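One letter stands for each residue in the lines below.
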Amino acid sequence: MRQSKFFMPTLKEVPADAEAVSHQLMLRGGYVRQVTAGVYSYLPLANLVLTKISNIVREEMAKIDAPEMLMPIFLPASLWQESGRYESYGPNLFKLVDRHERPSILGPTHEETFTEIVAEELRSYKKMPLTLYQIQTKFRDENRPRFGLLRGREFIMLDAYSFAANEEQLDVQYQEVGQAFQNVFDRVGLKTMAIIADAGAMGGSDSTEYQAPAAVGEDTIAYTAGGYAANIEMAKSIDSLEVTTEEPKEIEKVHTPGIKTITALAEFMAVPNTKIVKSVLYRADDKLVLVLIRGDKQINEVKLTNIIDANELHVATDAEVVELTGIMPGGIGPVNATFADMVIADETIEHLTNFVVGANETDYQLANVNLGRDFFVDQFYDVKLAEEGELDPIGHEPLKFTRGIEIGHIFKLGTRYTKDFHANFLDENGKEQPVIMGSYGIGISRLLSAIIEQNYTERGIAWPKTVAPFEVHLIQMKMNDADQTKVANDLYQSLSDKYDVLYDERNERAGVKFADADLVGAPVRVIIGKKASEGIIEVKHPGEQDSTEVKLTELENYINSEIG
Ligand SMILES: O=C(C[C@@H]1CCCCN1)Cn1cnc2cc(Cl)c(F)cc2c1=O
Ligand SMILES: [Mg+2]
């Protein structure tokens, strides 16, 4: 490609609201342009990278015999009413009506669409296992799109769906697609972690997220050197406190006027915060749930949501607490908690004795409370937020935290969708069974940002060679120099047969050419300068500060060693 003909509208400055480095570099390099909030045009540089990523995806999906399809973005609401998701997904689901006033949506994901099509077809176990996929634009009307392509409203996703006759086949598909995804991430040069993740509204059983460690990542990953890795939403940890059991003492009601925090209460009662049990009131859909946890721990609301199987869960506001219990928030507790529909106790209180709880009276606490005597808990759950340094439940190693960008997520769905669409098949005994599904996704456009977040330099981008928009960037320094023009054109012709070459033959100053080259980020940069007449040129790797002189005769070997 001759750069004078290429289209990469670079910017000197970037808008202040571009916070993520990847967003800044993609704007400065003319990779993308925002059309409206969370909606971007992919200009040629970004499109070249997207194409290379997509082709790597296609190769890996072909290796597991998954045929590619392409589904509509515009979908009838009826399809989503059948699965019940039309109502449950709220404002993120983009709803519209067509000219005949028929309610419709722009697809945020395609479980329903694939299931409906397949439901007609898979009438016999002989037709399974089957995995299908697409690479397609999705729409989710995010309230706060941010960080460029990292959280857009319109984005490109690979979404795959597997159909099986039994759990064993699903397990194989889950492993195969997961491995295909891992191969994709490895091949595009992304460092990733496969972690235990929350399936959220998808229900089903296992779910694995693929995370790209990066400072700008929205997720927190808890991991250990031994291989434990989980989204903080799901991470488990071993309770570090040695609990000593004491003889139960007489319960005591204590007036604690103006004491508002656990720390202040611990001081006032002259006990450590591990002898205080926090009582937090939640509204879970229409239920009032009282959650108990030891004073030194935090509640993990994702774990809580999954235990209660709630759609919507939030901490009752102070006003709600007073209105629903007649007590100020600091005073509620588990003894005679008649206002609660449910009491959920975290494991950390199971072995406590003589502890402090709210007295269910404003400004009063109860001291020396004991389980079984003063109140009863029918089941203990893990609802605590894991903390850095606590030991993981498997290798018993200290948990470390890092930020990550979720770039993939795979789910075992079971029959959640196939039941709604009567996608049944006859098993080998001729018995009718519902098809068992899995769904799998990679954020393709998000990968652009994630790869940049892991491969930027202070000057620009150093693309991994497999996804770089161009593999070789030829830069001729003086356009009116016959020797340089000859060498550059010969190289352009000969290298173009084997590599994607960008030839900068513009009448621009060196500084402009190099600044633009830093934004293109090709793995091999060849500079044709004043020594061209002696058969000497310079080569430079985007990650390195300086270039190196190379004989023209050795250039092919150098490029082979760099990009192969
Ligand atoms: O998309 C998935 C599950 C998997 C991920 C991999 C590819 C196939 N789908 C989860 N999810 C996330 N956000 C959503 C947003 C809206 Cl507005 C919606 F209506 C539905 C969903 C939704 O279902
Ligand atoms: Mg996810």
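Residues numbered from 1 in each chain as written. Chains lettered and ligands numbered in written order. Predicted model: local features only at pLDDT ≥ 70, side-chain atom pairs only at ≥ 80, totals over all residues. Heavy atoms only, no water.

- The protein has the name Proline--tRNA ligase in an unreviewed UniProt entry, where Amylolactobacillus amylotrophicus DSM 20534 is given as its organism.
- Recorded under Catalytic activity (unreviewed entry), the UniProt text for the protein is reproduced unchanged: "tRNA(Pro) + L-proline + ATP = L-prolyl-tRNA(Pro) + AMP + diphosphate".
- Word for word, the UniProt comment on the protein under Subunit (unreviewed entry) is "Homodimer." (UniProt positions renumbered as here; feature names shortened; annotations may be inferred.)

## Regarding the UniProt feature "domain: Aminoacyl-transfer RNA synthetases class-II family profile" (unreviewed entry) in the protein
Then step 1. Here the UniProt feature "domain: Aminoacyl-transfer RNA synthetases class-II family profile" (unreviewed entry) sits at residues 49-464.
Then step 2. Across residues 49-464, the secondary structure splits into 24% helix and 30% strand, with the terminal C-alpha atoms separated by 10 Å. (Helix = DSSP H or I, 4+ residues; strand = E, 2+ residues; numbered from the N terminus.)

## Observations concerning the nonpolar core
Then step 1. Ranked by size, the top nonpolar core spans 62 residues in total, and within it Met61, Leu158 and Phe181 carry the most contacts.
Then step 2. Here this core takes eight residues from helix α2 (residues 44-63), the largest share from any one element.
Then step 3. Two domains each provide a minimum of three residues to this core, namely domain 1 (3-7 + 32-235 + 401-453) and domain 3 (472-563).
Then step 4. When near neighbours in sequence (up to four residues on either side) are disregarded, phenylalanine 181 contacts Met61, Leu158, Tyr210, Ile410, Tyr440, Gly441 and Ile442.
Then step 5. Counting 23 residues, the second largest nonpolar core, distinct from the first, contains Leu288, Val335, Leu366 and Val369. (Core = buried A, V, L, I, M, F, W, Y, C linked by side-chain atoms within 4.5 Å. Buried < 20%, exposed > 50% of the residue type's maximum accessible area, 1.4 Å probe, protein only. Domains from an automatic or database assignment. Contact = heavy atoms within 4.5 Å.)

## Re the coordination of the magnesium ion (ligand 2)
Then step 1. Within the first shell, the magnesium ion (ligand 2) binds the protein through Glu406 (OE) and His409 (ND1), at distances of 2.2 to 2.3 Å.
Then step 2. A residue is classified by how much of its surface remains accessible, and histidine 409, at 12% relative accessible area, is buried. (Donors = N, O, S within 2.8 Å, 3.2 Å for Na, K, Ca; no water.)

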